[in-house]
Protein chains: 2
Amino acid sequence: MNDLSALDRVRVVLSRTSHPGNIGAAARAMKTMGLTRLWLVSPASFPDPVAEARASGAKDILDSARVVGSLREALSGTVFAAGLTARRRDLSATRLDPRAAAAELVQWSRNTNGEVALVFGNEASGLSNEELGFCTLPVTIPANPAYPSLNLGAAVQLMCYELRLAAMEHSALPAEPLPEPATNDEIENFFAHLKSSIEASGFLDPAKPRRLMPKLRRLFGRARLEKEEIAILRGILASFDTSMKSCR
Amino acid sequence: MNDLSALDRVRVVLSRTSHPGNIGAAARAMKTMGLTRLWLVSPASFPDPVAEARASGAKDILDSARVVGSLREALSGTVFAAGLTARRRDLSATRLDPRAAAAELVQWSRNTNGEVALVFGNEASGLSNEELGFCTLPVTIPANPAYPSLNLGAAVQLMCYELRLAAMEHSALPAEPLPEPATNDEIENFFAHLKSSIEASGFLDPAKPRRLMPKLRRLFGRARLEKEEIAILRGILASFDTSMKSCR
């Protein structure tokens, strides 16, 4: 018997979607692959009859969709988030392909029993750098370099298909006990702490941030921080904070 | 250099498509994956402005599409045809999944230099038994048994994606320029610096080290540090060192 329960813990997050038809198409794509949790960040129009028409038999997915005002809210409580991007960015060395991303999402969800997220940006502009920064890792669908412009619903279909295959593939394997991962909130609190400490030390000049925080996000994103590691890193920062303060 | 020329010999055949929007979506999906040959068997409406709107930047695929009156015509000259079907039919022992079908299509095309076809039926009724009979083998996309109803454009996207991966698999990938990794010496110097700084801050007690450094090594080891990142991390440590020293 297949254990596809990991699919129940995958949030499909659509950020700032312009066309309600694409929300309907995404819902249909999700349901064909057995996913159910749709989160919408500031959609241009929702609910919308165009979304319902395109959802076809997947109106239940639309009815249970969560609508929130920011990507941070949509990721709150998740332990791993993969963000779709077509761009070849300079900070791109660790992009996953869809198959590797699906395997990671399923493994994380299984091993932690926690929720994971697959994040899609606006149709025209994709995920912003700030939005990608909130994700653990970027994912890029291999595409024709001359025309890499997948329709949003088609991209959701493709990723959900890979998730279903990954869930089927690994379902026979016993879950390996992993250290407890940090949650999105713990990670964001760590970055906020790090930023404040290196501003206090003078390393980060708020007037000239030089892409420092994005680079640090990328480094720690690759490491997939664990709960205990966040505690250690924040302990280190707190010790610096105290040492610096004691002399003012 | 990638040899993706097999993709030039794949016909995507849409039989008796009802909605011109789906023809446009299929054209877009094909172009994102580098396929170009669209064949339409008795479409309900073509050409059609709705198809052009949904094709987005793939109007060239629509412009060069071949319109024919029967599936036999569309398959004439091909050496292998895979037909999509959602049904569990009694003659289904040899159904392929999308990955296996893509591998077969690419191999056939490469080994024979001949054209191959991927055949999609009508949105509501799928391929008829007669149509499936014209295909070499049936393909079934693994889907939620309670709702296996993929949108036509989404199914085309998924199959073309698998074809692109199959075509890429046996050809050399272009080497992507990676960021320069840190050397072992740079990494060891960073750990020495980190140790000294957190001893100075009081976080690490040399008399009771509590496996702190091994844990930090494990964290940064997973990240596979780059040369520039080492420079940033040591810059941060140096800024803390200076701030702490200035008050002694």
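Residues numbered from 1 in each chain as written. Chains lettered and ligands numbered in written order. Predicted model: local features only at pLDDT ≥ 70, side-chain atom pairs only at ≥ 80, totals over all residues. Heavy atoms only, no water.

Draft legend 1. Main features of the pairing of strand β1 (residues 10-15) of chain A. Residues and elements named next belong to chain A. Taken across its 6 residues, β1 has 6 buried, putting it largely inside the fold. On β1, burial covers both faces: V10, V12 and L14 on one face and R11, V13 and S15 on the other are all buried. The sheet contact formed by β1 and strand β5 (residues 115-120) spans 5 bridges and is parallel. In the strand pairing of β5, V10 is matched with V116. As paired strands, β1 and strand β2 (residues 37-41) are joined by 5 bridges and run parallel to one another. Opposite V12, over in β2, you have L38 as the bridge partner. In this view, the connection linking β1 to its parallel neighbour β2 by way of helix α1 (residues 20-32) has right-handed handedness. (Buried < 20%, exposed > 50% of the residue type's maximum accessible area, 1.4 Å probe, protein only. Helix = DSSP H or I, 4+ residues; strand = E, 2+ residues; numbered from the N terminus. Pairing = 2+ DSSP bridges. Right-handed = clockwise from strand over helix to strand, strands pointing away.)

Draft legend 2. Layout of the pairing of strand β5 (residues 115-120) of chain B. All names here are of chain B. For β5, the tally of buried residues reaches 6 of 6 residues, placing the bulk of the element in the interior. Both faces of β5 are covered, namely the face carrying E115, A117 and V119 and the face carrying V116, L118 and F120. Across 5 bridges, the pairing between strand β4 (residues 78-84) and β5 is parallel. Bridge pairing in β5 places T78 opposite E115.

Draft legend 3. Broad picture of unusual backbone geometry. Here the bond from F46 of chain A into P47 of chain A is cis, since omega is -5°, no more than 30 degrees from zero. In this fold, P47 of chain A is placed in the loop between β2 and α2 (49-55). With a phi close to 50°, R210 of chain B is a non-glycine residue in the positive phi region. With respect to the helices and strands, the residue R210 of chain B is situated in the loop between α8 (184-200) and α9 (212-223). Assessed through its relative accessible area of 53%, R210 of chain B is described here as exposed.

Draft legend 4. Region of the structure containing the nonpolar core. Judged by nonpolar contacts, the single largest core of 100 residues is most densely connected at L38 of chain A together with L38 of chain B. At 12 residues, helix α7 (residues 152-169) of chain B tops the list of elements feeding residues into this core. Among residues more than four places away in sequence, those in contact with L38 of chain B are V12, L14, I23, A27, M30, I61, L62, A65 and R66 of chain B. Among the nonpolar cores identified, the runner-up in size contains 43 residues, and I187 and F240 of chain A together with L212 and L233 of chain B belong to it. (Core = buried A, V, L, I, M, F, W, Y, C linked by side-chain atoms within 4.5 Å. Contact = heavy atoms within 4.5 Å.)

Draft legend 5. Quick look at the interface of chain B and chain A. Contact residues are listed per partner, giving 60 residues for chain B and 62 residues for chain A. Taken together, the two surfaces of chain B and chain A that pack against each other cover about 5100 Å², and 63% of this comes from carbon and sulfur. The partner of R99 of chain B in a salt bridge is E162 of chain A, and the shortest N-O contact between them spans 3.1 Å. At the boundary of chain B with chain A, the tally comes to 30 residue pairs in polar contact (both at pLDDT 80 or more). Mapped onto the side of chain B that touches chain A, the elements with two or more residues apiece are α1 (20-32), α2 (49-55), α5 (98-112), α7, α8, α9 and α10 (227-245) of chain B. Residue composition of the side of chain B that touches chain A, grouped by class: 33 nonpolar, 13 polar and 14 charged. (Buried area = accessible area lost by both parts, 1.4 Å probe. Salt bridge = Lys/Arg side-chain N within 4 Å of Asp/Glu carboxyl O. Polar contact = N/O pair within 3.5 Å; in protein donor to acceptor, adjacent residues only side chain to side chain. Nonpolar A, V, L, I, M, F, W, Y, C, P; charged D, E, K, R; others polar.)

Draft legend 6. Seen up close, the confidence of the model for chain A. The pLDDT averaged across chain A works out to 91; a share of 92% of its residues lies at or above 70. Among the scores for the predicted complex, ipTM is 0.80 and pTM is 0.82. (pLDDT = per-residue confidence, 0-100.)

Draft legend 7. Layout of helix α10 (residues 227-245) of chain A. The first and last C-alpha atoms of α10 of chain A sit 27 Å apart over 19 residues, in line with the 27 Å expected at 1.5 Å per residue. The complete set of buried residues in α10 of chain A reads E229, I230, I232, L233, G235, I236, L237, S239, F240, D241, S243 and M244 of chain A. Looking at the packing, one finds that the buried side of α10 of chain A touches α8 (184-200) and α9 (212-223) of chain A together with α8, α9 and α10 of chain B. (Expected span 1.5 Å × (residues − 1).)

Draft legend 8. Geometry of the environment of I232 of chain A. Positionally, I232 of chain A belongs in helix α10. Taking the C-alpha atoms as reference, I232 of chain A lies 42 Å from P145 of chain A; in sequence the two are 87 residues apart. Apart from residues lying up to four places away in sequence, I232 of chain A is in contact with F203, L212, K215 and L216 of chain B.

Draft legend 9. Geometry of the sheet that holds strand β1 (residues 10-15) of chain B. All names here are of chain B. Read from one edge to the other, the open sheet built from 6 strands follows the order β3-β2-β1-β5-β4-β6, with strand pairing classed as parallel. Only two strands of the sheet have a single partner each, and these edge strands are β3 (66-68) and β6 (137-139). On average, each strand axis in the sheet is tilted by 25° relative to the strand beside it, whichever way the strands run. Relative to β5, α7 is tilted by about 150°, and along the sheet it contacts β1, β4, β5 and β6. (Axes fitted to C-alpha atoms, helices over the stretch in contact; angles between N-to-C directions.)

Draft legend 10. Just the packing of aromatic side chains, in detail. Taken as a whole and judged by the stated rule, the model has 10 aromatic pairs over all chains. On the numbers, 5.4 Å between centres and 40° between planes, the contact of F190 of chain A with F191 of chain A is tilted. Grouping residues by exposure puts F190 of chain A and F191 of chain A together as buried. Cluster of aromatic residues (ring-pair linked, three or more members): F190, F191 and F220 of chain A together with F190, F191 and F220 of chain B. (Phe/Tyr/Trp six-rings, centres within 6.5 Å; stacked < 30°, edge-to-face > 60°.)

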